[in-house]
Amino acid sequence: MLMIDAARCAADTVEGETLVIDTVSGHLRVLTGVAPIVWDRLLVPADVDRLAAEVAERYGAPAAAEVRALVSELEAAGLVLEAAEGAPPSEHVVPPQGLEWPETYATPGVEQYDDIAEIMLMDPVHEVDVAQGWPRKATDAG
Amino acid sequence: VTGSTSSTGSPTAPDPDRVDAGPAFAAAAARDGARSVHLRVAGRSMRLEATGDLLDALQPAFGHLVQDTPPPLGALSFRAWEHDQHRHPLWDPEAPAAYRTLAGGIVARGELHATPHLEAYRPGIGIELWGPPGALHHADHTLRPAGRSTFTWADGVGLRLLHAAAVEHDGTAALLVGPSGAGKTTTAIACAERGAGQLGDDTCLVDVGARVVHSLYATSAANPDTLGRSQGGTGPVLGEAATGKVVVPLAARGALRTEAPITALVVLRSEGDSPADGPRPLAVLPTSKALFASTLLPGVAHDRLEGWFADNLRLARTVPAFEVTRGWDLDRVVAQVREAIERGRRQLEAP
């Protein structure tokens, strides 16, 4: 079972496209085609095999392969993680919007914008280490 | 110095949320003299206190916010102090260059022309800007004095600091957004020279829920060639920023406003000339993308990305947006910005 790491990212769907901000890396992604529906389904723990089977039945095997590839891409980006079925919902869980599959298939796409991530790398702000109080670089911790 | 016992578990480490340099500031003020003024920033009172002649150096940035009355008790403190930065109890070259404190403050070290400085915002203590004699008279400090600290304070009181210009026409305002080079400063200058009120042409404080823009700094950094194209020429110059841009006071080019309701988002495109048929309405999605591409300021909101993300979307959904292509027919560009503000106002007033 996989699901969106809702503690890591914020997302919103606008005019059929889902905008996703990764609050750790700063990458902004825009999900297009059927990708917003896949994202919506993954807001709760989902069996990817079952999801792919549903897509294959509706649109055919090539579409199912594209959806699997999308999920793999999101997983590689750290936005999707393993989730136990029936696991208690975390405080970050976002309820699905119940987006419906469109009549006509549209290839899922992910546009990625790096501007924010570059700003974050250029000018990082650190958090105070709760255990140490006064901030120190990691190498000075000992 | 107080608060030498950390609340975070270490018995010896000072707690950056509690270390208070107030007594040291008072000693410096007694030696070098200090003056203070009452500022109103987005409806909040701030007591700006500076040693020596530093208040004069900060006047172009904050002069439009000065009140005739003394600041009330409880006003946010903003202390600007020219003194050796290593004497400040928060100075620690081994600490990260910028770090967030547990109480939601920020401490940041910086360096301009090989001269270090320190700025901090701690809830309950206020904003501080420290640097050796002469350092804080640099143009970058006139442009955004204690910028990161002020922005962190603003974030804590629900105000979003956006990288955008804002101009006012007949009582309501447009936010001018676009990436660097899109023409925010050029457009803002052109609007101001043709009678628009100015709220800022680099950074603006926005109350997203109330759809109100507040002015913060009345200074601007512009490319010298941009100033050369303006009607008034270069005008007074406060200095050169580290980026090579020229820092100028907004007051020299037109009227300043301290706040205005936002009735339009104007997304500037730098290609081609403005079409004759007026500003093009923009849907929520392209407006959102334009806001995401341009409104984040380095060191400001990137550790609060969720709020910035949500506020940008809220603006895109609640404020009418228009695209204006910034050609060199500046009369036409200004007319389109005005038209966007008026059309947006009518849209928002419609039942």
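Sequence order as written defines the numbering, with residues in each chain counted from 1. Written order decides the labels, with chains lettered from A and ligands numbered from 1. Local features in a predicted model are, by the rule used here, given only for residues with pLDDT of at least 70; side-chain atom pairs are given and counted only at 80 or more, and totals for whole chains, interfaces and linings are based on all residues. Hydrogen atoms and water are omitted, and side-chain values are computed over all heavy atoms in the structure.

**Some points on the overall build of chain B**
Counting its secondary structure elements, chain B contains nine helices and 20 strands. As a reference, a globule follows 2.2 Å times the number of residues to the power 0.38, and the radius of gyration itself is taken over C-alpha atoms. Against the 2.2 N^0.38 benchmark of 20 Å for 351 residues, chain B shows a C-alpha radius of gyration of 21 Å, consistent with a compact globule. Reported as C-alpha extents along the three principal axes, the dimensions of chain B are approximately 65 × 40 × 40 Å. For every residue, the accessible area (1.4 Å probe, protein chains only) is compared with the maximum for its type, and the residue is labelled buried under 20%, exposed over 50%, or partly exposed between those bounds. Evaluated residue by residue, chain B yields a buried proportion of 59% over its 351 residues. Put simply, of all contacts in chain B between residues at least 6 apart along the chain, 71% involve residues at least 24 apart. Positive charges are assigned to Lys and Arg, negative charges to Asp and Glu, while His and the chain termini are left out of the count. Lysine's charge is taken at NZ, arginine's at CZ, aspartate's at CG and glutamate's at CD. Here chain B carries 33 positive and 38 negative side-chain charges, and the mean point of each set is 4 Å from the other. Put simply, DSSP H or I for four residues or longer makes a helix, DSSP E for two residues or longer makes a strand, and each gets a number counted from the N terminus. Contact criterion: two residues are considered in contact whenever any of their non-hydrogen atoms come within 4.5 Å of each other.

**Notes on the pairing of strand β10 (residues 165-169) of chain B**
Residue and element names in this part refer to chain B. Of all five residues making up β10, five are buried, and the element is well covered by its neighbours. Residues of β10 alternate between two faces, with Ala165, Val167 and His169 on one and Ala166 and Glu168 on the opposite face, all of them buried. By the convention used here, strands pair only if DSSP detects at least 2 bridges between them. When β10 meets strand β11 (residues 172-177), the two strands line up antiparallel, connected through five bridges. In the strand pairing of β11, Ala165 is matched with Leu176. Joining the antiparallel neighbours β10 and β11 is a turn of two residues, in which Asp170 adopts a positive phi near 55°. Where β10 meets strand β12 (residues 197-200), three bridges bridge the pair, whose relative direction is antiparallel. Residue Val167 lies in a different strand from β12, and its bridge partner there is Gln198.

**Comments concerning the sheet that holds strand β3 (residues 17-22) of chain A**
Residues and elements named next belong to chain A. Strand order in this open sheet of four strands is β2-β3-β4-β6, and the pairing throughout is antiparallel. Only two strands of the sheet have a single partner each, and these edge strands are β2 (9-14) and β6 (109-113). Recorded for the sheet is a direction-independent mean angle of 20° between the axes of neighbouring strands. Of the strand pairs in this sheet, β3 and strand β4 (residues 28-32) are connected by four bridges, and their pairing is antiparallel. Every axis corresponds to a line fitted to the C-alpha atoms, with the helix fit spanning only the stretch in contact, and the corresponding angles, defined between N-to-C directions, vary from 0 to 180 degrees.

**Details of the packing of aromatic side chains**
Two measures describe an aromatic ring pair: the distance that separates the ring centres and the angle between the ring planes. All names here are of chain B. Only Phe, Tyr and Trp rings take part, Trp by its six-membered ring, and two of them pair if their centres are within 6.5 Å. Stacked means planes under 30 degrees apart, edge-to-face means over 60, and tilted covers everything else. Inspection of every chain in the model, using the stated rule, returns 10 aromatic pairs over all chains. Taking the centre distance of 5.8 Å and the plane angle of 75° together, the rings of Phe62 and Phe78 count as edge-to-face. Here Phe78 lies in strand β4 (residues 76-82) and Phe62 lies in helix α2 (residues 54-62), a separation of 16 residues in the sequence. What makes Phe78 buried here is its relative accessible area of 0%.

**Focus on the pattern of salt bridges**
Where charged atoms from two side chains of opposite charge approach closely, those side chains can pair. Think of a salt bridge as a Lys or Arg side-chain nitrogen and an Asp or Glu carboxyl oxygen that are within 4 Å of each other. Considering all chains together, one arrives at 22 salt bridges over all chains under this definition. For Arg35 of chain B, the salt bridge identified is with Asp56 of chain B, shortest N-O distance 2.9 Å. Highlighted residues: Arg35 of chain B in strand β1 (residues 34-41) and Asp56 of chain B in helix α2, separated in sequence by 21 residues. A salt bridge links Arg257 of chain B to Glu168 of chain B, with the nearest nitrogen and oxygen atoms 3.1 Å apart. Of this pair, Arg257 of chain B sits in the loop between β17 (246-249) and β18 (259-269) while Glu168 of chain B sits in strand β10, and the two are 89 residues apart along the sequence. Exposure remark for Arg257 of chain B: the relative accessible area of 31% places this residue in the partly exposed category. On the basis of relative accessible area, Glu168 of chain B is assigned to the buried category, the value being 9%. Linked by salt bridges that have partners in common, Glu17 and Glu111 of chain A together with Lys289 of chain B make up one network.

**Re the side chain of Asp22 of chain A**
With respect to the helices, strands and loops of the structure, Asp22 of chain A is situated in strand β3. A distance of 2.9 Å separates the side chain of Asp22 of chain A from the backbone nitrogen of Val24 of chain A, its partner in a polar contact. Apart from residues no more than four positions distant in its own chain, Asp22 of chain A is found in contact with Arg8, Cys9, His27, Arg29, Ala77 and Leu79 of chain A together with Leu305 of chain B. Under this definition, polar contacts are N or O atom pairs within 3.5 Å; protein pairs additionally need one hydrogen-donor-capable and one acceptor-capable atom, and for neighbouring residues in sequence, both atoms have to be side-chain atoms.

**Topic: helix α2 (residues 48-59) of chain A**
Residues and elements named next belong to chain A. Along its 12 residues, α2 runs 16 Å from first to last C-alpha, staying within 8% of the 16 Å computed at 1.5 Å per residue. Within α2, the full set of buried residues consists of Val48, Leu51, Ala52, Val55 and Tyr59. In a view along the axis of α2, the buried residues occupy a sector of 95°, so they form one face of it. Seen from the buried face of α2, the exposed residues on the opposite side, beyond 90 degrees, are Arg50 and Glu57. Those residues of α2 hidden inside the fold are in contact with β1 (2-4), α1 (35-41) and α3 (61-76). With a side-chain oxygen lying 2.8 Å from the backbone nitrogen of Asp49, the N-terminal cap of α2 falls on Asp47. Where α2 ends, the next residue or the one after it, Gly60, has phi of about 110°, a positive value. To estimate how far a helix should reach, multiply one less than its number of residues by 1.5 Å. The arc in question is the one spanned by the directions pointing from the helix axis to the C-beta atoms.

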